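# Structural characterization, general
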Amino acid sequence: MSLRTEYNEVTQSPTQMRDCFVTRKISFLAMTLIFLFTSIGSFAQVEKGKYNIGGGADLSMGFQGKNNSFNLSLSPQLSVFVVNGFAIGAKYSFGISATHNYDSGKKQYVNTSTFTSGIGPLLRGYIGKKQLKGVLAANASYLTSTTMRKTSVSGTNGFNVYGFAGIAYFLNPHLSIETGFYVTATGYQQQLPSSRGG
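Residues numbered from 1 in each chain as written. Predicted model: local features only at pLDDT ≥ 70, side-chain atom pairs only at ≥ 80, totals over all residues. Heavy atoms only, no water.

## Re the environment of Leu72
Mapped onto the elements of the fold, Leu72 is located in strand β2 (residues 67–83). Assessed through its relative accessible area of 31%, Leu72 is described here as partly exposed. Sequence spacing of Leu72 and Ser60 is 12 residues, and the spatial spacing of their C-alpha atoms is 6.7 Å. Among all residues touching Leu72, those that are not within four sequence positions of it are Asp58, Leu59, Phe94, Gly95 and Ile96. (Helix = DSSP H or I, 4+ residues; strand = E, 2+ residues; numbered from the N terminus. Buried < 20%, exposed > 50% of the residue type's maximum accessible area, 1.4 Å probe, protein only. Contact = heavy atoms within 4.5 Å.)

## So, the environment of Val46
Relative to the helices and strands, Val46 is located in the loop between α1 (2–42) and β1 (51–64). For Val46 and Gly125, which are 79 residues apart along the polypeptide, the C-alpha to C-alpha distance reads 9.0 Å. Those residues in contact with Val46, other than ones at most four positions away along the chain, are Phe81, Val83, Asn84, Gly85, Tyr126, Lys133 and Phe170.

## Focus: the pattern of salt bridges
Within this structure, the stated rule accounts for 2 salt bridges. One salt bridge in this structure joins Lys50 and Glu47, with 3.9 Å as the shortest N-O distance. For Lys50, a relative accessible area of 37% corresponds to the partly exposed category. Note that Glu178 is salt-bridged to Arg124, the shortest N-O span being 2.6 Å. Here Glu178 is found in strand β7 (residues 175–188), whereas its partner Arg124 is found in strand β4 (residues 108–127), with 54 residues between them in sequence. Judged by its relative accessible area of 32%, Glu178 falls in the partly exposed class. The exposure class of Arg124 is buried, given its relative accessible area of 5%. (Salt bridge = Lys/Arg side-chain N within 4 Å of Asp/Glu carboxyl O.)

## Focus on unusual backbone geometry
Phi angles above zero are rare outside glycine, and Lys107 is one such case at about 55 degrees. For Lys107, a relative accessible area of 66% corresponds to the exposed category.

## Observations concerning the environment of Gly197
Structurally, the position occupied by Gly197 is in strand β8 (residues 194–197). For the pair Gly197 and Phe164, spaced 33 residues apart in sequence, the C-alpha separation works out to 9.6 Å. Once residues within four sequence positions are removed from consideration, Gly197 is found in contact with Tyr182 and Val183.

Written out as structure tokens, the structure is:
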């Protein structure tokens, strides 16, 4: 009986040792990965002299009864860090929108196409030294808009102000994902200004 007990203890001991070894190996691997990601995250993605390339895109379509609309906009941006965590650059935006609406009074469809563009300075600031950083951004742009209808073409100039506050998560030293809240206000000549946030 004691021999069997001793034998069981001997057979369990390697199992316990193996489990302990596996646990330590997993712990070591987890710590190594955490250290590796922390090390990658602590690389100076926002240090002086680095470039920040980004932008946004929007594509939307709407259908309501006999009316439909289409919108496409692109806004690339480029900035350079003049000091650690603070970048100065420029933002360019370009948009195309089209509407196909039914005019019940004239009993015909009215097509309208609008082309917009804007350019202006961009300021971006990052707060924090980890992979997850706070981010603040501001942009002011000079806008132009050209609207084409079947019988006329008109153009106007305007101004846009944009502010953003949120967080940026750096997936690696070269790529980050950002989310947050924004406020923008736009005004054109002879039109009431409009603002929105999200």
